[in-house]
Number of protein chains: 2
Amino acid sequence: MKLATLKDGTRDGQLAVVARDLKTAQLADGIAPTLQRALDDWAFIAPQLQQLYQDLSNGRGRRTFDFDPAQCMAPLPRAYQWADGSAYVNHVELVRKARGAELPASFWEEPLMYQGGSDDFLGPRDDIALFHEEWGIDFEAEVAVITDDIAMGATPDQAYQQIRLLALVNDVSLRNLIPDELAKGFGFLQSKPATSFSPVAVTPDELDDAWKGGKVHLPLRSTWNGKLVGQPHAGVDMIFNFPQLLAHLAKSRNIRAGSIIGSGTVSNKDSKRGYSCIAEQRCLETIAGGAPVTPYMAFGDTIRIEMLNGDGKSVFGAIEQTVTRADAAGGGK
Amino acid sequence: MKLATLKDGTRDGQLAVVARDLKTAQLADGIAPTLQRALDDWAFIAPQLQQLYQDLSNGRGRRTFDFDPAQCMAPLPRAYQWADGSAYVNHVELVRKARGAELPASFWEEPLMYQGGSDDFLGPRDDIALFHEEWGIDFEAEVAVITDDIAMGATPDQAYQQIRLLALVNDVSLRNLIPDELAKGFGFLQSKPATSFSPVAVTPDELDDAWKGGKVHLPLRSTWNGKLVGQPHAGVDMIFNFPQLLAHLAKSRNIRAGSIIGSGTVSNKDSKRGYSCIAEQRCLETIAGGAPVTPYMAFGDTIRIEMLNGDGKSVFGAIEQTVTRADAAGGGK
């Protein structure tokens, strides 16, 4: 099934089921008011949502309305956890190579992962409002899973069973703030502003055969200012699958329902597939010519992130955002 | 006022007001079911809770019961944000000195801060259940603030106005997992298991004159296995006050209601005040004698963290935890 959270003026919005073709939707308020509430009691709630979804997708919905991604908040407008891996190690290797550093061998054996801010997510059509272009504004197209409870010490196989939903992510990054934060060793804070999500989150069965081995086997398309700049395959070169990322995170603590874990920037070794973030293109340019050529995003730039299935249908709907100049304090949203 | 969250079998528990002397309590369910709900609409909810609190503290409460910290969850059993500063730079300097590294000058001018996991907090009397002593189990006694909404770009003065509550924190750390994670530069993940909180969170006015300049001017007492090992003064050597920590976090994103921001390990230059984490004592031993002497915590060890006001009364109640060996997967709680 496909689930969305609609803007209604509240912090958590209203849960809706969305038809498979993303054309119509129906409020799920009789079942669960918010997606977090559904995840808090998934075994009980999910079958009811599934029934609503089937009726809706088969044209037997009641109180249906046109689905408008512009009315969507992030599926979880705020979450109790957002942790982002770097499963496409090719991306990490390129970044290192561009600055003349070797990739530690351990990076192929143990995931890199950072804890992100999760109190203020953006919806799929919300502006990316920031104060300064000079911060080096970049998009990062990713896939993420949303989990049920996972016990501390869970194996990848155990974690796999607790994956409830998938979504697309734009992990907006401020490239020029990153070097100083990396040097401190304490991870990203100012260099990762609010993260954006696709209009709908979907259960794994919506991906049919494309959900296999804990990976999504479909290309992820990034279109920057109307130009397709990347369509790397999310099932290729993903060194750590989602269950492995989850087990890594669960080593010393429980993961609780509603946690969102990202894949990191989707990246293929075959550079003809293009890029899911500008930084990677700049690395390739640096390796080839000694210096980056492509600039980061400017105010007014747009970014569209989408994943099509084998039939060319949009699975998650599109993230489609414009970078804007934020006003002084308070301009963030 | 003083607020607690009582265990009731749900994920978010039940909000209660607690009398100033921490002896009695009363459910706030007629006003707000959970602390997050109160923070979501603080201007409207807080005055009602305050009235309940005044009646209770003056012996005019109804449906009151004995307050039992063992029945407490963390004031926010799960939160949308937990970010922890290192405001007591003396602590950072000692750690560096012990390993022969200089402290970058910038550390005195800009806060270190990491994004922590916030989906699974521990109550004040919950066991610290972990798999291996070899991970180097340590406590970290801290003070934290809980905020209302703070807009991106807020100044310290603006952020100050949005501090709603204070609490004590045990930021449990796995010292032997930290070096590898610091080297990766992506911050703490496995090395920071579930964080623990004091029985009650209190509004700043409960601290009277001890809340001044965005700092808490009281000693923080840490008692390890029944022995008082530290009582550094939280108002001394705090290089960045809470408003400055908040402004640092808000540089490129909004902070939303219910965010928890920590001070980092409370630490004084005067080492006679003792320590708020074992790592610091081990650093002093290393600097003095070339090697650490004091071991980290063992299964069965206890840690008590408390703050007394000028009259010798407990402000937040005591964190009082035992380190235990977790079972295989699922033993986390």
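- As recorded in an unreviewed UniProt entry, chain A goes by the name Fumarylacetoacetate hydrolase family protein, listed as coming from Rugamonas brunnea.

**Quick notes on helix 6 (residues 242-249) of chain B**
(1) Moving on: In terms of burial, helix 6 of chain B is a largely internal element, seven of the eight residues being buried.
(2) Moving on: When we look at burial in helix 6 of chain B, the residues that qualify are F242, P243, L245, L246, A247, H248 and L249 of chain B.

**Description of the UniProt feature "domain: Fumarylacetoacetase-like C-terminal" (unreviewed entry) in chain A**
(1) Moving on: Under the UniProt annotation, the feature "domain: Fumarylacetoacetase-like C-terminal" (unreviewed entry) is placed at residues 82-323 of chain A.
(2) Moving on: Across residues 82-323 of chain A, helical content stands at 17% and strand content at 25%; the span's end C-alpha atoms are separated by 22 Å.

**Side note on the UniProt feature "domain: Fumarylacetoacetase N-terminal" (unreviewed entry) in chain A**
(1) Moving on: Here the UniProt feature "domain: Fumarylacetoacetase N-terminal" (unreviewed entry) sits at residues 1-78 of chain A.
(2) Moving on: Strand forms 23% of residues 1-78 of chain A and helix 28%; the C-alpha atoms that close the span are 21 Å apart.

**Some thoughts on the pairing of strand 2 (residues 14-18) of chain B**
Residues and elements named next belong to chain B.
(1) Moving on: Buried residues dominate strand 2, accounting for four of its five residues.
(2) Moving on: Inspection of the sheet shows strand 2 paired to strand 3 (residues 24-27) by three bridges, in the antiparallel sense. Bridging from a neighbouring strand, V17 pairs with Q26 of strand 3.
(3) Moving on: Between strand 2 and strand 3, which pair antiparallel in sequence order, lie five residues; one of them, L22, sits at a positive phi of approximately 65°.

**Regarding the environment of S196 of chain A**
Residue and element names in this part refer to chain A.
(1) Moving on: Inspection of the secondary structure assignment puts S196 in strand 13 (residues 196-197).
(2) Moving on: Taking the C-alpha atoms as reference points, S196 and I319, 123 residues apart in sequence, are found 7.7 Å from one another.
(3) Moving on: With near-sequence residues (within four places) excluded, S196 lies in contact with L122, G123, L168, V169, N170, V172, I319 and Q321.
(4) Moving on: Among the polar contacts made by the side chain of S196, one reaches the side chain of Q321 at a distance of 2.8 Å.

**Some details on the sheet that holds strand 21 (residues 319-325) of chain A**
Either a parallel or an antiparallel arrangement is found when strands of a sheet pair, and the pairing is made through backbone hydrogen bonds.
All names here are of chain A.
(1) Moving on: Across the sheet, which stays open at both edges, the five strands sit in the order 8-21-20-17-18 with mixed pairing between neighbours. For this open sheet the edge positions go to strand 8 (128-130) and strand 18 (227-230), each flanked by a neighbour on one side alone. Direction aside, neighbouring strands of the sheet carry axes that sit 25° apart on average.

**Overview of the interface of chain A and chain B**
Interface size is commonly expressed as the accessible area that is lost once the parts come together.
(1) Moving on: Each partner contributes to the interface: chain A provides 62 residues, whereas chain B provides 61 residues.
(2) Moving on: Buried surface at the junction of chain A and chain B, summed over both partners, amounts to about 5500 Å²; 52% is from carbon and sulfur atoms.
(3) Moving on: By the criterion of area lost to chain B, the three top residues of chain A are Y80, F186 and L189 of chain A, representing 17% of everything that side buries.
(4) Moving on: Remark: the boundary between chain A and chain B carries 10 salt bridges.
(5) Moving on: We note a salt bridge from D149 of chain A to R11 of chain B, for which the minimum N-O separation is 2.9 Å.
(6) Moving on: The interface formed by chain A and chain B holds 33 residue pairs in polar contact (both at pLDDT 80 or more) in total.
(7) Moving on: Considered class by class, the residues forming the side of chain A that touches chain B number 28 nonpolar, 18 polar and 16 charged.

**Topic: the relation of the copies chain A and chain B**
One copy of the chain maps onto the other through a rotation about an axis followed by a shift along the same axis.
(1) Moving on: Superposition record for chain A on chain B: RMSD 0.0 Å, screw rotation 180°, translation along axis 0.0 Å. Classification of the inter-copy transformation places it as that of a two-fold axis.
(2) Moving on: A shared binding surface is used by both copies, with 98% of the interface residues of chain A retained as interface residues in chain B.

**A short note on the pattern of salt bridges**
(1) Moving on: Tallying each qualifying case throughout the model produces 40 salt bridges over all chains.
(2) Moving on: The residue R304 of chain A makes a salt bridge to E306 of chain A at a minimum N-O spacing of 2.7 Å.
(3) Moving on: The structure contains a network of salt bridges with shared partners spanning R11, D12, R78 and D120 of chain A together with D40, D149 and R256 of chain B.

Quick notes on the rules
Residues numbered from 1 in each chain as written. Chains lettered and ligands numbered in written order. Predicted model: local features only at pLDDT ≥ 70, side-chain atom pairs only at ≥ 80, totals over all residues. Heavy atoms only, no water. Buried < 20%, exposed > 50% of the residue type's maximum accessible area, 1.4 Å probe, protein only. Helix = DSSP H or I, 4+ residues; strand = E, 2+ residues; numbered from the N terminus. UniProt positions renumbered as here; feature names shortened; annotations may be inferred. Pairing = 2+ DSSP bridges. Contact = heavy atoms within 4.5 Å. Polar contact = N/O pair within 3.5 Å; in protein donor to acceptor, adjacent residues only side chain to side chain. Axes fitted to C-alpha atoms, helices over the stretch in contact; angles between N-to-C directions. Buried area = accessible area lost by both parts, 1.4 Å probe. Salt bridge = Lys/Arg side-chain N within 4 Å of Asp/Glu carboxyl O. Nonpolar A, V, L, I, M, F, W, Y, C, P; charged D, E, K, R; others polar. Least-squares fit on C-alpha atoms with pLDDT ≥ 70 in both.

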